[in-house]
Amino acid sequence: MDPAQEAQNRETFRQAVTNTLERRLFYIPSFKIYRGVAGLYDYGPPGCAVKSNVLAFWRQHFVLEENMLEVDCPCVTPEVVLKASGHVDKFTDLMVKDEKTGTCYRADHLLKDFCKDKLERDPNLPADKAAEFRHVLAVLDDLSSEELGAKIKEYGITAPDTKNPLSAPYPFNLMFQTSIGPSGVSPGYMRPETAQGIFVNFKDLYYYNGNKLPFAAAQIGQAFRNEISPRQGLLRVREFTLAEIEHFVDPEDKSHPKFPDVANLEFLMFPREDQVAGRSARRINIGEAVAQGVVNNETLGYFIGRVYLFLTHLGIDKDRLRFRQHLANEMAHYAADCWDAEIECSYGWIECVGIADRSAYDLRAHTDKSGVPLVAHEKFPEPREVEKLIIVPVKKELGLAFKGNQKMVVEALEAMGEKEAMEMKETLESKGEATFNVCTLDKVVTINKNMVSISKEIKKEHQRVFTPSVIEPSFGIGRIIYCLYEHSFNTRPSRDGDEQMNFFSFPPLVAPIKCTVFPLVQNQQYEEVARQIARSLTVYGISYKIDITGTSIGKRYARTDELGVPFAITVDSASSVTIRERDSKQQIRVNVDEVASVIKEVTDGQSTWGDVLWKYPTHSS
């Protein structure tokens, strides 16, 4: 199929899914009667139920299974916290403006759309130009502000709505700013992620856990990003739900006792070297990936395996799910390794879960800014003699030489590694001075031997004090749910074959309503039996919908199939009823007093539909 036709098919499919979701109130644009606000959506009744079911399963699969410590922190965060984490200075996207109307756009999105459009819709595109556009798409995340601006100019890209010229790209911080209290002197932000609330509470959580590592803390909550030009529906929004885990571990021991539970799983992985070589994702055994060093350590591998199980249990198609390793240019300087769980939908491959080994960066950053040591302790059975590097900057001499830059030079000297420090000591002793690169000043300075003292001492230590590493799985719940909607969306011909009927094939685990109850005809006796069944479903905690309208049974089935309801109970006698399964449309006959327990058994996952199919007589309608 040619690219243009493929793009058209994706668009048609997406439109069908979106129309169904909005018509059945899974979600709708927020403030619709006031013409809405881009990037903000309301979840309607079935959407709320799906989200609630996904989060309940997330808690069961991660928080309960790993005995995690769950916290709930405020959305409003003081500036000092986000300054320490780097968000105030670095949480930016590059923006361009329509020079006449002032409308803003994300620079990388405009360039991406231009290249994709040319590749998909221009049949006369020369091979060298096609290769160039593919290369631009591959390195898009790595382009500097100047390079992005140059490409936009070279390709003659203009404002999409007005075709007016665009400004040069410039950074825009994505956090919503606010002020805490009426005076305006205490600036704050709406949090862009939930992780910082866990990091700043590390000391208390470590104590709560009996001063033992490893342990994990988890949080589900709202996060906010002031997206420049939100699009792609639920995939890029300004307020969204995150579920994040921070698993704290000894940096010298990243093994995981439960790794054997996932070691034999095999799924699509896309390691860095395969991406660079232009190969496709391939099925890899996670145990082998860890053993060969493709995945940095067992704990990271364990969470990749657990994320795979979580997503596939929800109903994500395992053939359209891959784990992509970050390229060297995408990795934060402090990260040891990072993988994204990407799900394929009509918008392409979408990052839905990030699983990163963030080393000790976050706890160190908050320790430095707050002055409170966020550290762990390992007590030795016997005291140990340890050779310690001692670096003592002579602040008076450094102050005379470097004046206002003294603090940065002192910090850089204190942060030296052992190899660098011992080389400096040798140079100072032989030559009296040494050159030294101060990263924060971005220049090389000359240090004299009277400015710093470097030595090694033998000390007796009773314990090891260290900053834990953190492995962070971070879940974009809205993105996962949207991909689940697409993966579950199906059509089939109506009974008389004259139209296509939509239905969502949600697993019972996430279905918004587990079953419907229909009296076959409007009849007082059948309606009483329907209410009796409804009462027993309530006792079992099963969500249901009761429909006693006189509409034809076929139309009632079609209405609830479109909501993804897995089971329909039809009351057609006083003693027994039929249960119909949504995907196969097969029916079984069950006694009235057994109905609720059968539904409970199947929706809880204790049995499958196949199990109950041979237990009970089938019914042909």
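Residues numbered from 1 in each chain as written. Predicted model: local features only at pLDDT ≥ 70, side-chain atom pairs only at ≥ 80, totals over all residues. Heavy atoms only, no water.

You'll find the chain entered in an unreviewed UniProt entry as glycine--tRNA ligase, with Solanum bulbocastanum given as the organism. As stated in UniProt under Subcellular location (unreviewed entry), the record for the chain gives "Cytoplasm". Taken from UniProt, the Subunit (unreviewed entry) comment for the chain reads in full: "Homodimer." (UniProt positions renumbered as here; feature names shortened; annotations may be inferred.)

Chemist: Explain the packing of helix 14 (residues 395-402) against helix 15 (residues 406-414) to me, please; I cannot follow it from the model alone.
Modeler: Helix-helix packing is characterised by the crossing angle of the two axes and by the distance between the axes. Contact geometry of helix 14 with helix 15 gives a least axis separation of 9 Å together with a crossing angle of 130°. Our classification of the angle between helix 14 and helix 15 gives oblique. Of the two possible hands of crossing, helix 14 and helix 15 adopt the one that is right-handed. When helix 14 is examined against helix 15, the residues Lys395, Leu398, Gly399 and Phe402 are found in contact with a partner set consisting of Gln406, Val409, Val410 and Leu413. The class makeup of the residues in the contact of helix 14 with helix 15 is five nonpolar, two polar and one charged. (Axes fitted to C-alpha atoms, helices over the stretch in contact; angles between N-to-C directions. Helix = DSSP H or I, 4+ residues; strand = E, 2+ residues; numbered from the N terminus. Parallel < 35°, antiparallel > 145°, perpendicular 65-115°, else oblique. Left-handed = near helix turned anticlockwise from the far one by under 90°. Contact = heavy atoms within 4.5 Å. Nonpolar A, V, L, I, M, F, W, Y, C, P; charged D, E, K, R; others polar.)

Chemist: Quick question: what am I supposed to make of the sheet that holds strand 13 (residues 282-285) here?
Modeler: Pairing between the strands of a sheet comes from backbone hydrogen bonds, and it takes one of two forms, parallel or antiparallel. Here nine strands make up an open sheet; going across it, the order is 3-10-11-21-16-15-14-12-13 and the pairing mixed. The sheet is open, and its two edges are formed by strand 3 (69-70) and strand 13, each paired on a single side. By the bridge criterion, five bridges tie strand 16 (residues 348-357) to strand 21 (residues 469-476) in an arrangement that is antiparallel. Each residue of the ladder has a partner; that of isoleucine 355, found in strand 21, is proline 473. Contacts from helix 12 (residues 298-314) reach strand 11 (239-249), strand 12 (266-270), strand 14 (321-325), strand 15 (337-345), strand 16 and strand 21 within the one sheet, and its direction differs from that of strand 16 by about 145°. (Pairing = 2+ DSSP bridges.)

Chemist: Even after reading the chapter, I still don't get the side chain of lysine 51, so can you show me in this structure?
Modeler: Looking at the secondary structure, you find lysine 51 in helix 2 (residues 45-64). Although lysine 51 is buried, it forms no salt bridge, and the closest oppositely charged side chain is glutamate 239 at an N-O distance of 7.6 Å. (Buried < 20%, exposed > 50% of the residue type's maximum accessible area, 1.4 Å probe, protein only. Lys, Arg positive; Asp, Glu negative; His and termini not counted. Salt bridge = Lys/Arg side-chain N within 4 Å of Asp/Glu carboxyl O.)

Chemist: Hey, could you run me through the UniProt feature "domain: Aminoacyl-transfer RNA synthetases class-II family profile" (unreviewed entry) in the chain in this one?
Modeler: In the numbering used here, UniProt assigns the feature "domain: Aminoacyl-transfer RNA synthetases class-II family profile" (unreviewed entry) to residues 152-493. As a span, residues 152-493 carries 28% helix and 36% strand, and end to end its C-alpha atoms are 47 Å apart.

Chemist: Explanation requested: the layout of surface pockets in the structure shown.
Modeler: Regions of empty space are outlined by a rolling probe, equal in size to a water molecule, passed over the atoms. Estimates place the volume of the second largest pocket at around 1,100 Å³. Along its surface, the second largest pocket is lined by 27 residues, and Tyr361, Arg364, Ala365, Asp368 and Glu411 are the ones closest to its centre. Of all elements in the fold, only helix 3 (79-84), helix 4 (87-90), helix 13 (361-370), helix 15 and strand 18 (433-438) reach the threshold of two or more residues within the lining of the second largest pocket. Considering each element in turn, the lining of the second largest pocket owes the most residues, six residues, to helix 13. (1 Å grid on protein atoms, 1.4 Å probe; cavity = no way out; pocket = protein on both sides within 12 Å on 5 of 7 lines; lining within 4 Å. Points joined across faces, edges and corners; volume = space filled by probe spheres on them.)

Chemist: Just to check I follow, could you spell out the side chain of asparagine 285 for this structure?
Modeler: Structurally, asparagine 285 can be placed in strand 13. Reaching out from asparagine 285, the side chain makes a polar contact with the backbone oxygen of alanine 263 at a distance of 3.5 Å. A distance of 2.8 Å separates a polar atom in the side chain of asparagine 285 from the backbone nitrogen of glycine 287. Setting aside chain neighbours within four positions, we find asparagine 285 in contact with Ala263, Asn264, Leu265 and Glu266. (Polar contact = N/O pair within 3.5 Å; in protein donor to acceptor, adjacent residues only side chain to side chain.)

Chemist: Would you mind showing me how to read the pattern of salt bridges here?
Modeler: Two side chains that carry opposite charge are able to pair once their charged atoms sit near each other. For the coordinates displayed, the defined rule picks out 47 salt bridges. Across the pair arginine 464 and glutamate 378 runs a salt bridge whose closest N-O atoms are separated by 2.8 Å. Taken together, the residues span a long stretch of sequence, with arginine 464 in strand 20 (residues 452-466) and glutamate 378 in strand 17 (residues 376-393) at a distance of 86 residues. We classify arginine 464 as buried; its relative accessible area is 13%. Relative accessible area serves as the criterion here: at 31%, glutamate 378 is assigned to the partly exposed category. The network of salt bridges with common partners includes Asp93, Arg106, Asp108, Glu227 and Arg236.

Chemist: I keep staring at a nonpolar patch on the surface and nothing clicks. Help me out?
Modeler: Together, Phe31, Ile33, Tyr34 and Val37 make up a nonpolar patch on the protein surface, roughly 520 Å² of accessible area in all. Relative to the helices and strands, valine 37 is located in the loop between strand 1 (27-29) and strand 2 (41-43). (Patch = residues over 30% accessible without salt bridge, like charges linked within 9 Å, V, L, I, M, F, W, Y side chains within 5 Å. Areas by Shrake-Rupley, 256 points an atom, 1.4 Å probe, with all protein chains shown as cover.)

Chemist: I would appreciate a short explanation of a negative patch on the surface in the present structure.
Modeler: A cluster of like negative charges, contributed by Asp141, Asp142, Glu146 and Glu147, occupies part of the molecular surface. Position of aspartate 142 among the secondary structure elements: in the loop between helix 6 (127-139) and helix 7 (145-154). Given the relative accessible area of 41%, aspartate 142 is considered partly exposed. (Charge placed at Lys NZ, Arg CZ, Asp CG, Glu CD.)

Chemist: What's the story with the pairing of strand 15 in this structure? I'm lost.
Modeler: On a regular strand, one side chain projects to one face of the sheet and the next to the other, so that they alternate. Among the nine residues of strand 15, eight are classified as buried, and the element is accordingly described as predominantly covered. The sheet contact formed by strand 14 and strand 15 spans five bridges and is antiparallel. Bridging across to strand 15, leucine 321 finds its partner in isoleucine 343. Sheet topology note: the strand 15/strand 16 ladder contains nine bridges and is antiparallel. Bridging from a neighbouring strand, tryptophan 339 pairs with isoleucine 355 of strand 16.

Chemist: Help me understand the packing of aromatic side chains, please; the structure alone is not making it clear to me.
Modeler: Centre distance and the angle of the planes are the two values used to describe a pair of aromatic rings. Summed over the entire model, instances satisfying the criterion amount to 29 aromatic pairs. Joined through ring pairs, the aromatic side chains of Phe13, Phe26, Tyr485, Phe489, Phe504 and Phe506 make up one cluster. One cation-aromatic arrangement involves arginine 580 over tyrosine 557; the distance from NZ or CZ to the ring centre is 4.2 Å. (Phe/Tyr/Trp six-rings, centres within 6.5 Å; stacked < 30°, edge-to-face > 60°. Lys NZ or Arg CZ within 6 Å of the ring centre and 35° of its normal.)

Chemist: Looking at this model, I keep getting lost on empty space enclosed by the protein. Mind explaining?
Modeler: Throughout the structure, instances matching the rule amount to one cavity of 30 Å³ or more. For the largest cavity, the full set of lining residues is Thr516, Thr560, Asp561, Val565, Pro566, Phe567, Ala568, Arg580, Glu581 and Arg582. If you list the elements that add at least two residues to the lining of the largest cavity, you get helix 19 (553-561), strand 26 (567-571) and strand 27 (576-581). Tallied by class, the residues present in the lining of the largest cavity amount to four nonpolar, two polar and four charged.

Chemist: Help me understand the nonpolar core in this model?
Modeler: Nonpolar side chains tend to gather and get buried jointly when the protein is soluble and globular. Counting 69 residues, the largest nonpolar core has Trp58, Phe310, Leu311, Phe323 and Phe475 as the members making the most contacts within it. Top element by residues in this core is helix 12. It accounts for nine residues. Core analysis: the second largest hydrophobic core is formed by 24 residues, Val577, Ala596, Trp609 and Tyr616 among them. (Core = buried A, V, L, I, M, F, W, Y, C linked by side-chain atoms within 4.5 Å.)

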